[in-house]
Each structure stands twice: as C-alpha cells, then as structure tokens.
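In case you want the letters, here they are:
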Amino acid sequence: MAPDASPHLRALGAALPVGLQRFHGDAGGRTVSGQARVTTGGVFARVLLRLLGLHLRDGKQPLDVTFIPDSNGTIWDRRFGTGRFISRIEASGIGFLVETFGPFTLRFRLTPDEDAISWTLQRATAFGLGIPSFLAPRIAAREWLAADKAYAMSVAVVLPLLGLVLRYEGELYPPQVNEPD
C-alpha cells in the first residue's frame, strides 16, 4: 500500500467496496459538494454542540467537504450550511480508522460489505483519557454509493442520559469533469 494512500484505502485495501473506491481512493486534496439533512437533539444537545464549536441548524442544507491530506491522514472540513465540523481521520491498522476533533479521539472498526461500510465505535477518549463505555457516545454510521452514483452517508450520535445529539444524512457528488470536445 502506498504511504500516501487515503486512510480508507490504507485501512481496508482490497476490501474497500468497489463503489467507494473512487471516492476514497484519491488521497489528494479536493472539495465535494452535496446536500445534508441535519437533526439536532434537544436543548442540552444543542448547547453541547455549540460548546464543541458545531453551530448546526436543523433541516436540509448544502454540504461541502474539503479533504486535506497531511502526513498520516486526512483532514475532513465539513461545512453544513452555516455550521462547520473539522476532524482528522487516519488509518489505525487493518480495518480501523481513528477520528480526532478537539480533545476527542474515536477509534472505529470498519465493516465493509458488498457496497457499503459500517462504522462501529470501539473506543473513545477525551483529553487522552478513556471514556467509560457507559458514558461513551453511541454512534451509528454507514456510507455507500447511491443509485445516482453519489457518495451517501448516514451518521447518528446519541449520548447516554442525553439522547440524540446529532443525526445527519446526505449525499456528496464528485466534481463534474468536462470531457474534451
């Protein structure tokens, strides 16, 4: 595997579903755009999101994601309408990705099937300290190639005692390439 391969390709190699290889196979910097449907939880969830710097509003909105490669992974700069969420994703062994944002680090097991990838949270830390499983977020995440060839995703974050914090679903479309005449 090339050292500059994307985190998904480094984590899954040939197991990366064919439909997602084009989207995740490119380790270079790029921006893709689409639409997202965002749902935030109650008042406490919205306060928590704002404390984390995530000023998101509910409803359908534009979504732009810029991928910026760095020495070991890729920075994902997601812009939801007026909100923004930046994290760094890197491979962490065969079948695992680690996502870091602010003081939080989340380690996910990636489970590919024929045309999709499911993400399962394996471990969460805050400020380098493990978060006990009974306090850790419950994250349901899946990505696939939609019928119209768009990259599609669904992510839900639930906290014990607090309930739904954030859910977003959407599609991203690769930049249009103009064929030469």
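Residues numbered from 1 in each chain as written. Predicted model: local features only at pLDDT ≥ 70, side-chain atom pairs only at ≥ 80, totals over all residues. Heavy atoms only, no water.

1. Observations regarding the layout of surface pockets
In step 1: One number sums up the size of the largest pocket: a volume of about 650 Å³.
In step 2: Around the largest pocket, the lining is made up of 33 residues, and of these Phe85, Phe101, Leu106, Ile139 and Val157 lie nearest the centre.
In step 3: The greatest single-element share of the lining of the largest pocket, amounting to six residues, is contributed by strand 10 (residues 151-159).
In step 4: Considering only residue class, the lining of the largest pocket consists of 28 nonpolar, one polar and four charged. (1 Å grid on protein atoms, 1.4 Å probe; cavity = no way out; pocket = protein on both sides within 12 Å on 5 of 7 lines; lining within 4 Å. Points joined across faces, edges and corners; volume = space filled by probe spheres on them. Helix = DSSP H or I, 4+ residues; strand = E, 2+ residues; numbered from the N terminus. Nonpolar A, V, L, I, M, F, W, Y, C, P; charged D, E, K, R; others polar.)

2. Observations regarding the pattern of salt bridges
Side chains bearing opposite charge may pair, as long as their charged atoms lie close to each other.
In step 1: Across all of its chains, the model carries seven salt bridges by this definition.
In step 2: As a salt-bridge pair, Glu171 and Arg37 come within 3.3 Å of each other at their nearest N and O atoms. With Glu171 in strand 11 (residues 163-173) and Arg37 in strand 1 (residues 30-40), this residue pair connects regions lying 134 residues apart in the sequence.
In step 3: In this structure Arg37 comes out as partly exposed when scored by relative accessible area, which is 34%.
In step 4: Between Asp70 and Arg88 there is a salt bridge whose closest N-O contact spans 2.7 Å. A residue pair is termed long-range when its members are at least 10 positions apart, and Asp70 in the loop between strand 2 (59-69) and strand 3 (73-80) and Arg88 in strand 4 (residues 83-91) qualify at 18 residues. (Salt bridge = Lys/Arg side-chain N within 4 Å of Asp/Glu carboxyl O. Buried < 20%, exposed > 50% of the residue type's maximum accessible area, 1.4 Å probe, protein only.)

3. Quick word on the packing of aromatic side chains
In step 1: As enumerated under the stated definition, the model contains seven aromatic pairs in all.
In step 2: Between the aromatic rings of Phe67 and Trp76, the centroid separation amounts to 4.9 Å while the plane-to-plane angle is 85°, which identifies the pairing as edge-to-face.
In step 3: On the basis of relative accessibility, which here comes to 4%, the residue Phe67 falls in the buried class.
In step 4: Exposure remark for Trp76: the relative accessible area of 10% places this residue in the buried category.
In step 5: Where Phe80 meets Tyr168, the ring centres are 5.0 Å apart and the plane angle is 70°; that geometry is what we call edge-to-face. Residue Phe80 is found in strand 3, and its partner Tyr168 is found in strand 11; the two are separated by 88 residues along the sequence.
In step 6: For Phe80, a relative accessible area of 2% puts it in the buried group. (Phe/Tyr/Trp six-rings, centres within 6.5 Å; stacked < 30°, edge-to-face > 60°.)

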